[in-house]
Structure formats: C-alpha cells, structure tokens
Amino acid sequence: MKTILVFFLIFSSIFSFSQGDAWLTYFEQSGGLETPRLKQVIDFCQKLDDASSMITFQSFGQSARGLELPLMVVDKEGFSDPESIRQAGRIILLVQACIHPGESEGKDAGLMLLRDMAIYHKHQQLLNHVSILFIPIFNVDGHERFGPYNRINQNGPKEMGWRVTANNLNLNRDYLKADTPEMNAWLRLFNQWLPDFFIDTHTTDGADYQYAVTYGMETLGDMDPALTKWSKETFLNKFSENMERSGFPVFPYVEFRKWTDPKSGLLLEVGPPMLSQVYTSLRNRPGLLIETHMLKPYDQRVKSTYECIKATLMILDKEYGSLEKLENAADRFVSSPEFRKGLFPLEFKVLETDSTLIPFKGIAYQRIRSDITGEYYCKYGKEKELFTLACFSNNIPDKQVFLPDAYIIPPEWGDVIRRLGLHGIRIKRTLNDTMIRVSVYRFNDPKWQVNPYEGRHPMTKIDAAESNEEMTFPAGSAIIQMDQPSARIIAHLLEPNGNGSFLWWGFFDAVFEQKEYAESYVIEPLAAKMLENDPNIKAEFEKKKAGDSLFAKNPNLINRWFFSKTPYWDSRKNLYPVGRIFLKK
C-alpha cells in the first residue's frame, strides 16, 4: 500500500496542471491512457517551436510513404546546428522514440520533458552543458497503422502504432544494411550531428517482474575499453542511483537462459551491431536502451521513461567534459595502426559455465505444461518474490579476424559502396586500373536461411578460405582505409563472418551463382581422360564419392565436379570481390 501511495504522489505531479492548461499533452489530457497520432505530435512540436526560442522543430527526412520524419532540437541559446552547439561547449544527446511505434512511452515522455523545460522552465539547468535532439516518432508509417490490437502482450495505451514500417521492415534491424529510407535519413542525421550519447526508448515483451524499467548498454567487450569503463563505473552507477531516488529502480535487460523458466538464470549478452544502441557504441558513442515493462500501467511506463531521460541528463551535465575527451581518444585509437594489431571480435558468446549470483525482484509464478502444445509456460501470480539468480555475463569472442589496413571494392558493387558512404565512411576512388596484391576469401558450400528475415535471406553458413593473390581492380574502385573512427563498423560490414555483414545479408549473393555449364556429352570424354591420366584426380574423385552419398548418386553434381577441374571453370565463382590490403610494415 505504501508503494502505491508513493507512486501516486510521484505521478500525480505530472497532472498538477489545471484542466484548462493549454500545454497539457494529449497523453496527459487522456488521464495517462492514450498516445497521440502523428498530426497531433507535429502540431504540439510546432506549438513548442513557436512559443520557445530554445526549441527548433524540423524534419530530417521522409518515410517510404513520403511522411516527414520529425526532429526537435533543444538548446538553451536556441542554436539549431551542431557547429554552433559544439562551439558553445555543449555535448549532444540524441533521444529516439517510436522506432517500434507500439512502444510509445518515449514519445509521450519526451514531449512532456521538453514542454517542462521550455514552457514551465523546469530542469533547464540540465541544458547548461547538453543540447538535445529528440525524434518523437522514427517509424512514422508504422505509427499511423494505429489500432487497439497492435501489442497483444502490452497493458495500454488504448491504441498504438504498428511495430514495422510500411515495407514490413523492422528499423531496429536495419542499422547496418540501411535498406529503408528512414534509416538512410537517420544515418545522415547521425553523421551530421555525431551525438555524444544516445537513448532508444522501447517496451519489453517477455517475463513478468517487479521492475517498471530495464536497460541495456554495451559494457561486455565490444565497445572501446575506456568508454566501456566510463559506462560501467560512472554512468550506470549514477544512473541506477538517480533512478532509485526517482522511485523507479532499474535492472539490466532481462533475458532468461530458458525463456519459460526465470529461475534458470539470466543471460547478459553482447548485442549484434544491427541494433541501435550497439551500432552507436561501435561508433564510439555510448547508447542506452530503455525497456519499460509491458505489463505495468501505461502512465507508469511513461513516467519511468521521463525519469530515465532526466537521470541521463543529470549525469551528462556533470560528465560532459570527461565523456567528450574519452570519445575523442576512442576516435583517435580506432583510427590508429595500434587498433589493428590484435584480433578483432566479430561475434561473442556467453560462457554458460561462469556465473555470479545476484538478487532479482521477481513475481511468483508456476510452470504449467500446456494441454494444447505440450510445452511449458509461465503463469504469473500477484505476489512479489525476491529471487537469487545465476547471472551469466562473461562474454568471450567467438569469431575473430585480423583487420587489414584497407579494403578495395570494384565499382560494379556500387550499391554496397553507396551504403558505406551512408555510414559516414571515408571512401577514395582509384583513377586507373590497378594491379595489387590482396588477401581474398573464397567460399565453400555456402548455405542460406530458407525463410525471409527482414526482407532478405541471410546466410547460415559462411565457410571462407583466405589466400593472397595479385588482382587487377578497375578504375573507379573504392578504397576504404581503416584509419578512420568508423573502423569497427567497416569491419562488421565488410568482413564476411560479421553478424550483419553485407555478405551475410545477401548483397553479394550473385558471386555464388554458376553462369556457364558443360553438356554431359562434352564433359564425359574429358572426365574419362582425367581419370585415366591423373591419379590425383582419380583418388580425389573416389574419396568424394565414398564420403558423400548424395554426390555419388547425382550425375549432375558429378559432371559439375569434373567441369570445375577444367580451365573452363569460372575462377570468380565463390570469390568474395572485396579485397583486403595489408601494407608492408
């Protein structure tokens, strides 16, 4: 009862304005039950712009359906460009809402916070050293697919937007491949402003527990070591303290080892670079993922998000100088040869033999076997329960590679080159045909996912053999040098085994296709002659037949195998067209 009373007192302050207050947001006017549509958001943003010199409302691009992508710039002196803000000595916080529009807390919380600053003059001291970029709705097309049945697992608001874009793509899987016009616009915005800190606001699916809000941050090995240390020891410690004082204690993003059994333990994992806060962290700009709990009342989720953004501003206002220095140092380090001396991790895995015990504020539950599916599911009660759970957070590199000094890409792969440019990556072009010794990958027996994922068929098997070869690259080939701050992103995009590389997403699928074929009446006499005259070929053939029953029974595969041993075979089949350049030391 005491907890409920405390929350009521905290939250009632949001609604302390008279009902005639013209500055109540749509969310507040609804009693905390509803969230506004795009037009209502734009009208409110424009109204704030008109009323306050601190706020500039603009668009940073268009959606697939041609809707404007809204952006608020908040600066205490009214500056609306990154150069002026930087010259004034302030760092930049980017807050993003509605990348998944059904998860709308960040939109309502952000509008209230900006209103409180600009109109009610609250929290303005937090803008002394920080300026804010606020995207109230990133996925505007999905946002306007409005309805009451868009989030089956979620407790409000009454109606909300849809998870994906008009093209049925999840923007929070698009940070590397950049398939959508929305992400193209976001990347241009990010490179123009290069914000120092990033917040992405979400709502969970999953288990029930006591925390109204959980968070994710890349502190397990993939971010710059000094920024990782600052994020763990400075930011997260202070963030947790601030949130505890606000009445909303936080916990790391919840993922159980067995999804239907909370007591199986917790997993804390390095995220894939296609996700928002992982991407910004790899750009040497820490990212905070906010995940409010889906089953908590909507007004409570909005308030906790409001407090998360405010708590972050409180830290950045004090830490702005230290953070900026660490980011500049990280940019210099990743641009240096020192960065490329060791193995670079492309993927990590959690050691499930190494854990620590931690307290977890859970909800009492039963595991029940379904009469319908035969599987177990959780039935949660209402009683709070403090669990002691094993937490598995030791992440070690699973796939690693030595990075080159540069990559070179022939000009015919123009779409890949264009997308590299979207990431702010510096690209040079060769003026003439150039013969150069490069490290290249050749692939064996590639495999693809059968069902589509984000409009593509990612690879499930990438077996690459590396060799050094003299190759001629035509004039106009793109040279991507690694001595730049985006080196980690370059590696994830161009190293085939990267979890989210261009190859993994299917941008180079054509290199795996055979385009010339040998008729059986042509290859048969050649095959017979090979077996008669070359004992090595004969031994290899017999070994392959003995070890591969499918091959042994398939005449087409056998003929193709012999064709591959002739000089007529396409030497570029299964050859990765991106060369890796290692300069002599």
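Residues numbered from 1 in each chain as written. Predicted model: local features only at pLDDT ≥ 70, side-chain atom pairs only at ≥ 80, totals over all residues. Heavy atoms only, no water.

Undergrad: Kindly report on the packing of helix α5 (residues 105-118) against helix α10 (residues 298-334), identifying the contributing residues and their values.
TA: At their nearest, the axes of α5 and α10 sit 8 Å apart, and the two run at 55° to each other. If you check the angle between α5 and α10, you find them oblique. Note on packing geometry: the crossing formed by α5 with α10 is right-handed. For the pair formed by α5 and α10, the contact residues are E105, G106, D108, A109, M112, L113, D116 and M117 on the first element and Y298, R301, V302, T305, Y306, I309 and L313 on the second. Here the contact of α5 with α10 is composed, by residue class, of 9 nonpolar, 2 polar and 4 charged. (Axes fitted to C-alpha atoms, helices over the stretch in contact; angles between N-to-C directions. Helix = DSSP H or I, 4+ residues; strand = E, 2+ residues; numbered from the N terminus. Parallel < 35°, antiparallel > 145°, perpendicular 65-115°, else oblique. Left-handed = near helix turned anticlockwise from the far one by under 90°. Contact = heavy atoms within 4.5 Å. Nonpolar A, V, L, I, M, F, W, Y, C, P; charged D, E, K, R; others polar.)

Undergrad: Could you give an account of the environment of N167, naming the residues involved and the relevant values?
TA: Assignment of secondary structure puts N167 in the loop between α6 (140-143) and α7 (181-193). A relative accessible area of 46% places N167 in the partly exposed class. Measuring from C-alpha to C-alpha, the distance between N167 and L493 comes to 23 Å, with 326 residues separating the pair along the chain. (Buried < 20%, exposed > 50% of the residue type's maximum accessible area, 1.4 Å probe, protein only.)

Undergrad: A description of the nonpolar core should follow, citing residues and the corresponding values.
TA: Ranked by size, the top nonpolar core spans 125 residues in total, and within it W186, F197 and F239 carry the most contacts. The element contributing the most residues to this core is α10, with 12 residues. Once you skip the residues sitting within four places of it in the chain, W186 turns out to touch F60, L94, Q96, I135, F138, Y175, F198, Y279 and T280. A207, F256, C378 and F387 belong to the second-largest nonpolar core, a separate cluster that totals 13 residues. (Core = buried A, V, L, I, M, F, W, Y, C linked by side-chain atoms within 4.5 Å.)

Undergrad: With reference to specific residues and values, describe the confidence of the model for the protein.
TA: Looking at the protein as a whole, the pLDDT averages 95, with 96% of positions reaching at least 70. Note on residues 1-19: pLDDT is under 50 here. Beyond four places in sequence and across chains, it has 23 contacts. (pLDDT = per-residue confidence, 0-100.)

Undergrad: Can you explain the sheet that holds strand β12 (residues 356-369)? Please cite residues and give values.
TA: One open sheet accounts for 4 strands, arranged β8-β9-β13-β12; its pairing is mixed. On the outer flanks of this sheet lie β8 (256-258) and β12, each paired with one strand and no other. Put simply, the sheet's adjacent strands are angled 40° from each other on average, direction ignored. The pairing of β12 with strand β13 (residues 376-392) spans 13 bridges and is classified as antiparallel. By the bridge assignment for β13, T356 is matched with C391. (Pairing = 2+ DSSP bridges.)

Undergrad: Before we move on, could you go through the pairing of strand β9 (residues 261-267) and cite the residues and values that matter?
TA: On a regular strand, each side chain points to the face opposite its neighbour's, so the side chains alternate between the two faces of the sheet. For β9, the tally of buried residues reaches 6 of 7 residues, placing the bulk of the element in the interior. Hairpin remark: β8 followed by β9, antiparallel, with 2 residues in the connecting loop. As paired strands, β9 and β13 are joined by 2 bridges and run parallel to one another. Looking at β13, one finds that L266 is bridged to C391.

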